[in-house]
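Here's the letter readout for the chains.
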Amino acid sequence: MKLLFAGIDEPDLDRIDVYRARGGYESLRRALAMSPDEVVAEIDASGLRGRGGAGFQMGKKAAFIPKGDMDKYLVCNADESEPGAFKDRELMQKNPHQLIEGIAIAAHATGCNRAFVYIRGEYDYVADILDAAVAEAREAGLLQHVILVVHRGAGAYICGEETALLDSLEGKRGNPRLKPPFPANQGLYQGPTLINNVETLATVPHIIRMGGAEYAKIGTETSTGTKIVSVSGHVQRPGNYEIELGIPSRDIVYGLAGGPPEGRRVKLWFPGGSSAPVLTEEHLDLPYDFDSMAKAGSMLGSGSIIVVDETVPVIDVAKWVAKFYTHESCGKCTPCREGTRWTLAMVERMDRGEATPMDIEIMSGVQEQIIGNCLCVLGDSMAMPIASLVKHFREEIEEHIETARARRERIPMEPPPRERATEAAA
Amino acid sequence: MTVPRFSHGSRVPGWDEAVDLEKDPSEVPDPATTPVPGELRAEIERHMALYPDFRSATIPALRAAQRHHGWCSPQAIEQVACVMRLTPAYLTSVATFYDMTENEPRPRHHEVFVCTNISCSLRGAAEVFEAFRAAAEGDERVHVRSFECLGACDVAPMASVDGVYVGPLEPGDARTVLDDVRAGRPVLEDRQLARRPVADEEARAHPPAAAPEARS
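Remember, predicted model here, so these are calculated numbers, not experimental data.

Visitor: Can you walk me through the sheet that holds strand β1 (residues 73–78) of chain A in this structure?
Guide: Hydrogen bonds along the backbone pair up the strands of a sheet, which may run parallel or antiparallel. Residue and element names in this part refer to chain A. Strand order in the open sheet formed by four strands is β3-β2-β1-β4, and the pairing between neighbours is parallel. The strands lining the two open edges of the sheet, one partner per strand, are β3 (147–152) and β4 (193–197). Here the strands of the sheet are splayed against their neighbours by 20 degrees on average, with no regard to which way each runs. Sheet topology places β1 next to strand β2 (residues 114–119); six bridges connect them, and they run parallel. Paired with Val-75 across the strands is Phe-116, a residue of β2. Sheet strands in contact with helix α7 (residues 124–139) are β2 and β3, and its direction is about 165 degrees off that of β3.

Okay, here's the thing in structure tokens:
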């Protein structure tokens, strides 16, 4: 079953006439003939869960938007920065009108008169394609009920967090806000704001076309529909695949993506981008849907599978994860700002052979103090995978620490690297 | 244990360098004394008109100024502040937050971002990055830096060369890529991401999700 990706390589699909020739913007026409409440009901009936990471039902979110004549905003989160995620890029680059149609329908459903696509700055060429597509749609008179602006970010992972994104869109530093109030009540410019991921909004035209009840038949009971999974890392055919939620994970990693190179085995995999706790080979038989992943102690997140095979030491994985979140922590909340930095320092210490197995406990203590203690989940996004690496691979990490230490003790102590600073000025 | 300190007594290097203590940080530049290039002014004003609150144009305006000046120089910030009627201090706070706004002068003609995040590192990004750095050694016109996930793990290890995504790369490609960039040729045309078909083979041949059944 292919919806979002059906025939996505059709030449010139980013042009409106090609998109219309295949039945595009018919769903918008149909939705505009319905009342906003009917459209929301249709989306709700589909059971569509947010594809950006949290997996919250879109119909419920849309229903939270208050009714009335005030200025309401719709924001499409296209700040796809999660390591391992690259589905939105392909969706926007190849079929921008599908997204624009989804935004137009969602704007009608919630009464939003202004809509923004917040796209990450690195996707400049994709933003150009979107800009051109928005201009075409506007010219064709399809965006009369909503003003749509493509806003380019400037490179900050944190801006994918919904409230940080709003701050950034208001022209500030991208710091997350305290919740509640939730964006549905007080979001952009303090007005009610509906924020959804690219894939979620791009699915909306298909829901209107098929009908919510029909869409809900795809996938499992609580994870309906199709999902685009981005498979990367040690697989033979990395890339985006559209699957029905609930198929065995093995079918994705081995069936679609070809599994690790000949003769190697899967050591661990991230089921939902680098912020999801890792799973091991035995979990590959679990069905790939929101609830099964949660039950296994991880999450489906944005549907980005990163496969790591046995050639890579676990410490390296921990180091890459910690390094990324240390760099991207916005610095607002202390547990995250300091916790990510110290975690990285401790992982590097283990790798250099300066640590003892006891450091694992200290590091786990740091993770415990990050989780749940910040405004947003960036810190948790580092703490959870690191904690899961310790949980599944404690023996290997201990061994790594001991070997590194033994290696270090054999070589004579080097004098500590010269600091840029001189010893006490006095 | 003695704490290492700099000669000025602080543990923070150059803590007193960036500040001009004479200057009022809350001052919005006077249009009469701040010349702004017409093109830049027009571009910033065009961005400001797009939003209900003009402040939303801060990032696009800074990026426009950066394209114009090469980096977010004090002069560039001053000019943006003058057009947007905001303080340079506010704009500096924004410019220093984001990765793509440059806060140091750099003769930048070409930019190569090599992704060194997890998916690319798993497939050898460290070697690719080193090869690029070595190949660009001594060439001031090419700026090579490592970057966090650029969202193209399907072609890992990859790089963004003047905004064009290419991959998968091997250390041996560094020289070819940089030669192409310097000569102004398109970079590794057969490996540009924009030309890559979707990995999902079934989707390629799949007919478009049919038009509405009840089409009237």
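Visitor: Which parts of the structure should I look at to understand the pairing of strand β9 (residues 304–309) of chain A?
Guide: Along a regular strand, successive side chains alternate from one face of the sheet to the other. Residues and elements named next belong to chain A. Most of β9 is tucked away, with six of its six residues classed as buried. Burial along β9 is two-sided: Ser-304, Ile-306 and Val-308 and Ile-305, Val-307 and Asp-309, pointing in opposite directions, are all buried. Alignment of strand β5 (residues 226–233) against β9, held across four bridges, turns out to be parallel. Its bridge partner lying in β9, Val-231 is registered against Ile-305. The pairing of strand β7 (residues 266–270) with β9 spans four bridges and is classified as antiparallel. Across the sheet, residue Val-266 finds its bridge partner in β9, namely Asp-309.

Visitor: Sorry, what's going on with the domain arrangement of chain B here?
Guide: It is common to give the size of an interface as the accessible area that goes away when the parts come together. According to the domain assignment, chain B consists of domain 1 (24–106) and domain 2 (110–194). Inter-centroid distance (C-alpha atoms) of domain 1 of chain B to domain 2 of chain B is 30 Å.

Visitor: Sorry, what's going on with the interface of chain A and chain B here?
Guide: Between chain A and chain B, the residue contacts involve 69 residues of the former and 55 residues of the latter. Here the element with the most residues in the side of chain A that touches chain B is helix α13 (residues 314–328) of chain A; it accounts for five residues. Across the side of chain A that touches chain B, the residue classes tally to 26 nonpolar, 21 polar and 22 charged.

Visitor: Whenever I open this one, the nonpolar core confuses me. Can you help?
Guide: One recurring pattern in soluble globular proteins: nonpolar side chains tend to sit buried together. If you look at the biggest cluster of nonpolar residues, it comprises 161 residues, and the most contacted ones within it are Ile-103 and Trp-269 of chain A together with Val-80 of chain B. Here this core takes ten residues from helix α16 (residues 378–410) of chain A, the largest share from any one element. Apart from residues no more than four positions distant in its own chain, Val-80 of chain B is found in contact with Ile-44, Ala-61, Leu-62, Ala-65 and Leu-91 of chain B. Ala-85 of chain A together with Val-144, Cys-153 and Val-161 of chain B belong to the second-largest nonpolar core, a separate cluster that totals 34 residues.

Visitor: Honestly, the packing of helix α3 (residues 74–84) of chain B against helix α4 (residues 88–95) of chain B in this entry has me stumped. Any pointers?
Guide: When two helices pack together, their arrangement is given by the angle between the helix axes and the distance between those axes. Residue and element names in this part refer to chain B. Their axes nearest at 9 Å, the elements α3 and α4 cross at an angle of 120 degrees. The orientation of α3 with respect to α4, classified from their angle, is oblique. The element α3 and its partner α4 pack so that their crossing is right-handed. Where α3 approaches α4, its residues Ile-77, Glu-78, Val-80 and Ala-81 are matched on the opposing element by Pro-88, Leu-91, Thr-92 and Ala-95.

Visitor: Would you explain the sheet that holds strand β6 (residues 239–244) of chain A in this entry?
Guide: Residues and elements named next belong to chain A. As summarised here, the arrangement of the five strands in space is β6-β5-β9-β7-β8, forming an open sheet in which the pairing is mixed. Edge positions in the sheet fall to β6 and β8 (279–280), since each has one partner strand and no second. Judged from the two bridges that link them, β7 and β8 form a sheet pairing that is antiparallel. Its bridge partner lying in β8, Trp-269 is registered against Leu-279. Here helix α11 (residues 249–256) sits on the sheet and contacts β5, β6, β7 and β9; the angle it forms with β5, its principal contact strand, is near 55 degrees.

Visitor: Before we go on, may I ask you to explain helix α6 (residues 96–110) of chain A in this structure?
Guide: Along an α-helix, a turn takes 3.6 residues, which lines up residues three or four apart on a common side. Residue and element names in this part refer to chain A. Taking 1.5 Å per residue, 15 residues should reach 21 Å; α6 reaches 21 Å between its end C-alpha atoms and fits that length. Counting buried residues in α6 gives 15 out of 15 residues, a clear majority hidden from the surface. One or two residues past the end of α6 sits Gly-111, with phi positive at roughly 75 degrees.

Visitor: In this structure, what is going on with the domain arrangement of chain A? I would like to understand it.
Guide: Residues and elements named next belong to chain A. As assigned here, chain A comprises domain 1 (16–215), domain 2 (226–309) and domain 3 (314–410). Just the C-alpha atoms count here: the centres of domain 1 and domain 3 sit 36 Å apart. At the junction of the two partners, domain 1 supplies ten residues and domain 3 supplies seven residues. In terms of residue class, the side of domain 1 that touches domain 3 is built from six nonpolar, two polar and two charged.

Visitor: Explain unusual backbone geometry here, please?
Guide: With an omega of -10 degrees, the peptide bond between Lys-179 of chain A and Pro-180 of chain A qualifies as cis. On the secondary structure map, Pro-180 of chain A appears in the loop between α8 (162–169) and β4. Of note, the bond from Ala-156 of chain B into Pro-157 of chain B is cis; its omega dihedral lies within 30 degrees of zero at -10 degrees. Among the structural elements, Pro-157 of chain B can be located in the loop between β2 (142–147) and β3 (159–161). With a phi close to 45 degrees, Tyr-189 of chain A is a non-glycine residue in the positive phi region. Following the sequence through the fold, Tyr-189 of chain A ends up in the loop between α8 and β4. You can call Tyr-189 of chain A partly exposed: it has 17 C-beta atoms within 10 Å.

Visitor: How should I be thinking about helix α1 (residues 38–48) of chain B in this particular structure?
Guide: Residue and element names in this part refer to chain B. For α1, every residue scored as buried is listed here: Glu-43, Ile-44, His-47 and Met-48. Down the axis, α1 shows its buried residues gathered within 140 degrees of arc, on one side only. Along α1, exposed side chains directed more than 90 degrees from the buried face belong to Gly-38 and Glu-39. Looking at the buried side of α1, the elements it contacts are α2 (58–69) and α3.

Visitor: Teacher, can you tell me more about the pairing of β5 of chain A here?
Guide: Residues and elements named next belong to chain A. Most of β5 sits out of view: eight of its eight residues are buried. As judged from the six bridges shared by β5 and β6, these two strands associate in the antiparallel manner. Across the sheet, residue Val-229 finds its bridge partner in β6, namely Tyr-241. Here β5 folds back onto β6, and the loop between the two strands holds five residues.

Conventions and cut-offs
Residues numbered from 1 in each chain as written. Chains lettered and ligands numbered in written order. Predicted model: local features only at pLDDT ≥ 70, side-chain atom pairs only at ≥ 80, totals over all residues. Pairing = 2+ DSSP bridges. Helix = DSSP H or I, 4+ residues; strand = E, 2+ residues; numbered from the N terminus. Axes fitted to C-alpha atoms, helices over the stretch in contact; angles between N-to-C directions. Contact = placed C-beta atoms within 7 Å. Buried ≥ 20, exposed ≤ 12 C-beta atoms within 10 Å, placed from the backbone. Domains from an automatic or database assignment. Nonpolar A, V, L, I, M, F, W, Y, C, P; charged D, E, K, R; others polar. Core = buried A, V, L, I, M, F, W, Y, C linked by C-beta atoms within 7 Å. Parallel < 35°, antiparallel > 145°, perpendicular 65-115°, else oblique. Left-handed = near helix turned anticlockwise from the far one by under 90°. Expected span 1.5 Å × (residues − 1). Arc of directions from axis to C-beta.

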